[in-house]
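Coordinate analysis (summary)
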Amino acid sequence: MTVPNMDLIDGRAMPQLGFGVFQVPDDEAERAVTTALQHGYRSIDTAAVYQNERGTGRALRDVPRDELFVTTKLWNSDHGRDKTLRAFDASLERLGLDYVDLYLIHWPMPQNGTYLETWRALEELQRDGRARSIGVSNFTVETLRHVLAETDVVPAINQIELHPYLQQAGLRALHAEHGIRTEAWSPLGQGKGLLNDPALAEIGRAHGRTPAQVALRWSLQLGNVVIPKSVTPSRIAENIDVFGFELTADDMKRIGELDQGTRVGPDPATFAAGA
Ligand code: NAD
């Protein structure tokens, strides 16, 4: 299965679909990522706080480095210039890599007032070539506008919770205005109520596809990058098998009407765990 690439504003490109490893213990990450690589995934999304960079890194050794797109994230306790640079080195060491393809600030924590200084540290890492692309995660309209107004480099990506029950129209419009790619985390709503939605099931039946494949296809057709997670080999295969069918304009409209503005994860305006 070959995944199409999406251009980034910094001149680089990334696969439109990748593999997430949130909540996968370090000793299972190697097996899950190896299975994903066998099924054709080349983009892997981890984070310092997931505590599985070592296991993830072990699996990555099986594939030529220039075929991979590796993302990791800076945790909340490491905001600020010096801590960021140290945390980045520690992530590289755990991954066993000498650069990452994408480094993200995991949460903005607006109440701490540290994300601008932290972003400038990511700019340094990009200048050094050790983070090829840099971006943010969970930035709100307000915090993203602040970065755009006060710093020199436009984030290539904002990785945000996004699925049919939380469609994020406001952030998607702001991203489009500035050439920022939208990356959807929990694109399956963490496998909770979303995948039992009757509309997704009905649309899936019409295409001979599962509700999970419909949810991923919807996000891809909106132009998002998606990073579904599974540790089950059959689902790992199912989640990348989404490039051989197309939702109709009616399907897209119907899924567009499912938006409830409900989150499965924390609210980025207030979340500051670990800081
Ligand atoms: P997800 O929406 O990808 O859902 C994963 C869960 O859905 C699985 O654990 C499983 O229970 C179920 N599932 C997976 N495939 C399925 C299938 N084909 N059919 C039925 N059920 C299926 O949720 P997620 O793991 O929270 O998000 C994906 C990735 O996004 C994470 O692994 C992580 O890399 C990233 N993420 C980032 C942040 C952030 O703050 N930046 C937060 C959460 C997740």
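The coordinates are above.
Cut-offs and rules
- In this numbering scheme, every chain counts its residues from 1 along its sequence in written order.
- At least 70 in pLDDT is required for a residue's local features to be given in this predicted model, at least 80 for side-chain atom pairs to be given and counted, and no such filter applies to totals for whole chains, interfaces and linings, which use all residues.
- Only heavy atoms go into the side-chain values, all of them from the structure, while hydrogens and water stay out.
- Pairing between strands is defined by DSSP: at least two bridges between the two strands are required.
- Comment: elements are numbered from the N terminus, with helices defined as DSSP H or I runs of at least four residues and strands as E runs of at least two.
- We call two residues in contact when some of their heavy atoms are within 4.5 Å.
- Angles run from 0 to 180 degrees between N-to-C directions of axes, and those axes are lines fitted to C-alpha atoms, restricted for helices to the stretch in contact.
- Here a cavity means grid points, on a 1 Å grid over the protein atoms only, where a 1.4 Å probe fits yet cannot get out; a pocket means an open set of points with protein on both sides within 12 Å along at least five of seven lines; lining residues are those with an atom within 4 Å of a point.
- Grid points are joined across faces, edges and corners, and a volume is the space filled by probe spheres set on the points.
- Three residue categories are used. Nonpolar comprises Ala, Val, Leu, Ile, Met, Phe, Trp, Tyr, Cys and Pro, charged comprises Asp, Glu, Lys and Arg, and polar comprises the others, including Gly.
- The cut-offs for exposure are 20% and 50% of the maximum accessible area for each residue type, with area from a 1.4 Å probe on protein chains only; residues under the lower value are buried, those over the upper are exposed, and the others partly exposed.
- Each C-beta atom gives one direction from the helix axis, and the arc is the one those directions make.
- Here, a salt bridge means any side-chain nitrogen of Lys or Arg that lies within 4 Å of a carboxyl oxygen of Asp or Glu.

So, about the sheet that holds strand 10 (residues 225–226). Pairing is parallel in the open sheet, where 8 strands are placed in the order 3-4-5-6-7-8-9-10. This sheet does not close on itself; its edge strands, each paired only once, are strand 3 (19–20) and strand 10. With 5 bridges joining them, strand 6 (residues 100–105) and strand 7 (residues 131–137) adopt parallel strand pairing. The residue bridging Ile105 from the neighbouring strand is Val136, located in strand 7. Relative to the sheet, helix 3 (residues 81–95) contacts strand 5 (69–74), strand 6 and strand 7, its axis offset from that of strand 6 by approximately 135°.

Our focus in this paragraph is the layout of surface pockets. A probe matching the size of a water molecule, rolled over the atoms, marks out where space remains unfilled. Space inside the largest pocket adds up to approximately 740 Å³. Surrounding the largest pocket, 34 residues form its lining, Phe22, Gln23, Ser186, Gln190 and Lys229 being those nearest its centre. In terms of residue class, the lining of the largest pocket is made up of 17 nonpolar, 13 polar and 4 charged. Around the second largest pocket sit 21 residues that line it, and Pro15, Asp66, Glu67, Leu68 and Phe69 are the ones nearest its centre. Here the element with the most residues in the lining of the second largest pocket is strand 2 (residues 13–15); it accounts for 3 residues. Its residues assigned to classes, the lining of the second largest pocket comprises 10 nonpolar, 4 polar and 7 charged.

On to helix 7 (residues 198–207), then. Taken together, the buried positions of helix 7 are Ala199, Leu200, Ile203 and Gly204. All buried residues of helix 7 fall inside an arc of 130° around its axis, so they share one side. Within helix 7, the exposed residues directed more than 90 degrees away from the buried face are Pro198, Arg205 and Ala206. Summarising the contacts, the buried residues of helix 7 are in contact with helix 8 (211–221) and helix 10 (249–256).

What the rule picks out here adds up to 12 salt bridges. Of the charged contacts, one joins Glu202 and Arg254 as a salt bridge, the two residues approaching to 3.3 Å between their closest N and O atoms. Of this pair, Glu202 sits in helix 7 while Arg254 sits in helix 10, and the two are 52 residues apart along the sequence. Residue Glu202 is classed as partly exposed on the basis of its relative accessible area of 41%. According to the relative accessible area criterion, Arg254 is partly exposed, its value standing at 31%.

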